[in-house]
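# Breakdown of the fold
Chain residues, written in single-letter form:
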Amino acid sequence: PKEKGWIGSYIYNYQGFWISPRLLQGAIACQQQFQAQDSDIFLVTNPKSGTIWLKSLLFALVNRMKHPMFEPNHPLLIKNPHDLVPFLELTLYVDGQVPDFSSFTTPRLLSSHLPFASLPKSVQDSKTKLVYLCRNPKDTFISMWHFANNLRLHHKDTNSLEKLFDLFCKGMSVYGPFWDHMLDYWKRSIENPNKVLFLMYEEIKKQPKMHLKRLAEFLECPFSIKEENCGIVDEILRMCSFKSLSNLEVNTTGKLSTGEENKVFFRRGEIGDWKNYFTTEMSEKLNNIIEQKFQGSGLKFSYI
Ligand code: A3P
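Residues numbered from 1 in each chain as written. Predicted model: local features only at pLDDT ≥ 70, side-chain atom pairs only at ≥ 80, totals over all residues.

An unreviewed UniProt entry lists the chain under the name Sulfotransferase, with Solanum pennellii given as the organism. The record held by UniProt for the chain lists under Sequence similarities (unreviewed entry) the comment "Belongs to the sulfotransferase 1 family." (UniProt positions renumbered as here; feature names shortened; annotations may be inferred.)

Encoded structure:
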């Protein structure tokens, strides 16, 4: 099945989720070719959940011995996090390319927006660790709408907030349905907590130190007491903060290797911006869908 809208061209339903033809080619290529290593670390998100933030935290955390925070040419100061932790289907295998992994160091830091069941088999079956980041649906939707407008990926007649909201509510967002994506990772994080760590954007915002330490423990590279006393946890959080990343020259003027302007990934970086756009009716409609879809899951969102 195909549906017009959201990004201008048709989006197709493939293996139960919605994807554009270009990304579909990348998804199929990585499903067929990618060989996971047990030491790989994958960051998975629904688009616009704060992927770039977690990429920066992940990179800084895992590479903190190789690249100490005070290093003047720290990769995070001169490269966009999407170039440091590339997407499998969106960057490495995009258009069916065959990527060269020879420059990657161990552990390889990679990312994807694919639903769990559509990840390459070797990622699912190996000891590869998956970090899943979710964000409340209202802020995610508003962020998606702005992003789609910024990239001008769609025709003028399909970009109204109302039209895209209607598609989002029907589950037709890129990589959606939003809820199926999230619920499956949530379930797997409960069943197999050594394989999947489930994080929430809002919780990291509210208790950043606690969640960064949780991430370090999950990845089996916990902070030592000495590191904590030296303030390294705070230093990583400061370096990866919205203010600090969004003001770097690379992120104000640079472009990704795939051509997008780096600045489109930094907008407001806050919880609750949805209130500036949602009508009461929209809010109630989404509340009802969320209540129905997430009933009994134990997953609760924070909207402020
Ligand atoms: P907003 O559009 O609500 O501002 P993704 O990386 O998945 O594309 O998500 C982008 C969203 O994360 C954008 O949300 C962006 O502003 C926000 N973001 C980017 N860097 C961030 C940071 N360091 N801290 C918090 N949010 C950040």
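Further remarks concern the overall build of the chain. Helices and strands together make up the secondary structure of the chain, namely 16 helices and seven strands. Taking 19 Å as the expected radius of gyration for a compact globule of 304 residues, we find that the chain reaches 19 Å, a close match to that expectation. Burial analysis of the chain (304 residues in total) assigns 34% to the buried set. Contacts spanning at least 24 positions in sequence make up 76% of the contacts within the chain whose residues lie at least 6 apart. (Helix = DSSP H or I, 4+ residues; strand = E, 2+ residues; numbered from the N terminus. Rg over C-alpha atoms; globule rule 2.2 N^0.38 Å. Buried ≥ 20, exposed ≤ 12 C-beta atoms within 10 Å, placed from the backbone. Contact = placed C-beta atoms within 7 Å.)

Moving on, we get to the site of the ligand. The local shell around the ligand holds 21 residues, among which Thr-51, Ile-52, Ser-143, Arg-267 and Gly-269 are the closest. Those elements giving two or more residues to the shell around the ligand turn out to be helix H2 (51-62), helix H7 (137-151) and helix H14 (242-246). (Near = placed C-beta within 6 Å.)

One open sheet holds the four strands; their spatial order is E5-E4-E6-E7, and the pairing between them is parallel. What marks the edges here is a single partner per strand, and that holds for strand E5 (109-112) and strand E7 (196-200). Between one strand axis and the next, the sheet turns through 25 degrees on average, direction left out of account. Where strand E4 (residues 41-45) lies against strand E6 (residues 129-134), five bridges are found, and the strand directions are parallel. Its bridge partner lying in E6, Thr-45 is registered against Leu-133. Across the face of the sheet, H2 comes into contact with E4, E5 and E6 while running at roughly 165 degrees to E4. (Pairing = 2+ DSSP bridges. Axes fitted to C-alpha atoms, helices over the stretch in contact; angles between N-to-C directions.)

What follows concerns the confidence of the model for the chain. In the predicted model, the chain carries a mean pLDDT of 94, and the fraction of residues at 70 or more is 94%. As a predicted assembly, this complex carries a pTM of 0.96 together with an ipTM value of 0.99. (pLDDT = per-residue confidence, 0-100.)

The next subject is the pairing of E4. Within E4, five of the five residues are buried, which leaves it mostly tucked inside the rest of the structure. Alternating positions in E4 separate into two faces, Ile-41, Leu-43 and Thr-45 on one and Phe-42 and Val-44 on the other, with burial throughout. With four bridges connecting them, E4 and E5 associate as parallel partners. The partner of Ile-41 across the bridge, within E5, is Leu-109.

Looking now at the nonpolar core. Core analysis: the biggest nonpolar cluster contains 65 residues, and Ile-19, Leu-43, Leu-57, Leu-58, Val-131, Tyr-132 and Leu-133 have the highest contact counts within it. Contacts of Ile-19, omitting those with residues within four sequence positions, involve Ile-11, Tyr-12, Tyr-14, Leu-24, Ala-27, Val-174 and Tyr-175. (Core = buried A, V, L, I, M, F, W, Y, C linked by C-beta atoms within 7 Å.)

Before going further, it helps to examine unusual backbone geometry. With omega at -5 degrees, the peptide bond leading from Thr-106 into Pro-107 counts as cis. Looking at the element boundaries, Pro-107 is found in the loop between helix H5 (88-92) and E5. For the peptide bond that leads from Gly-176 to Pro-177, omega is 5 degrees, which places it in the cis range. Inspection of the secondary structure assignment puts Pro-177 in the loop between helix H8 (161-169) and helix H9 (178-191). A positive phi angle, near 60 degrees, is found at Glu-220, a position not held by glycine. Along the chain, Glu-220 falls in the loop between helix H11 (208-218) and helix H12 (225-229). The exposure class assigned to Glu-220 is exposed, which follows from the 9 C-beta atoms found within 10 Å.

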